[in-house]
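# Fold and geometry: a report
Here's the letter readout for the chains.
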Amino acid sequence: KVRRTMNKYNLSQITKVLEKIISYNVRYYRTMRGMDEDKLASYLGKKGQYIKKLENGELKANPPIDTIDKMAWALGVPFVAIITDRNIKNEKDE
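Throughout what follows, the structure given in this document is the object of discussion. All residue numbers here refer to positions counted from 1 along the written sequence of the relevant chain. Selection of residues for local features in this predicted model requires a pLDDT of at least 70, selection of side-chain atom pairs for listing and counting requires 80 or more, and totals for whole chains, interfaces and linings are taken over all residues. Side-chain descriptors were evaluated using all non-hydrogen atoms of the structure, hydrogens and water having been removed beforehand.

### Some thoughts on the nonpolar core
Rules: We define a nonpolar core as any set of buried Ala, Val, Leu, Ile, Met, Phe, Trp, Tyr and Cys residues linked to one another through side-chain atoms lying within 4.5 Å. The buried label goes to any residue with under 20% of its type's maximum accessible area, the exposed label to any with over 50%, and the partly exposed label to all in between, with areas taken from a 1.4 Å probe on protein chains only. Numbering goes from the N terminus for both helices and strands, where a helix is a DSSP run of H or I of at least four residues and a strand is a run of E of at least two. Contacts: residue pairs with any heavy atoms within 4.5 Å of one another.
One finds Leu40, Met71 and Ile82 to be the most contacted residues of the largest nonpolar core, which totals 19 residues. Within the residue set of this core, elements represented by two or more residues are helix H2 (11–32), helix H3 (37–44), helix H4 (48–55), helix H5 (65–75) and helix H6 (79–83). Counting residues per element, this core draws most heavily on H5, at 5 residues. Those residues in contact with Leu40 that sit more than four places away from it in its chain are Val26, Arg30, Met35, Ile51, Met71, Ala74 and Leu75.

Pasting the structure below:
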């Protein structure tokens with residue numbers, strides 16, 4: 001399955017999709033928690049501008065795994081919540 005998926009999509013496409021998922025989820029959970037960009041950034045040792053750029057898809061690359069993990073912790077959600085497409089229904093929903 002993995003090989004077939006990798007043949008179907010190139011790394012650039014996967015990276016772009018992941019970028020959109022991460023930016024959407026970070027903004028979603030941050031606003032749900034009533035947290036501003038500066039507060040979330042402070043947990044990462046970064047400036048609020050970093051979160052703004054991440055949420056707007058303006059970073060040059062996706063954040064490293066350890067940064068995603070810190071964001072998830074700061075937002076009170078599991079790591080997988082940040083990298084999972086919230087629009088995909090799981091089998092229980094069908």
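Next comes the rest of the account.
### With respect to the packing of aromatic side chains
The geometry of an aromatic ring pair comes down to the distance between the two centres and the angle between the two planes. In plain terms, the rule: Whether two aromatic rings pair depends on their centres lying within 6.5 Å, for rings of Phe, Tyr and Trp, where Trp uses its six-membered ring; planes under 30 degrees apart make the pair stacked, over 60 edge-to-face, and the rest tilted.
With the rule as written, the count across this model stands at 3 aromatic pairs. Note on Tyr24 and Tyr28: the rings are 6.1 Å apart at their centroids and 15 degrees apart in plane angle, and the pair reads as stacked. Of this pair, Tyr24 and Tyr28 are both found in helix H2, 4 residues apart, which corresponds to roughly one turn of the helix. Its relative accessible area of 25% is what places Tyr28 among the partly exposed residues. An angle of 80 degrees between the planes, with centres 5.0 Å apart, marks the rings of Tyr28 and Tyr29 as edge-to-face. On the basis of relative accessible area, Tyr29 is assigned to the buried category, the value being 12%. Three or more aromatic residues link up through ring pairs in this structure, and these residues are Tyr24, Tyr28 and Tyr29.

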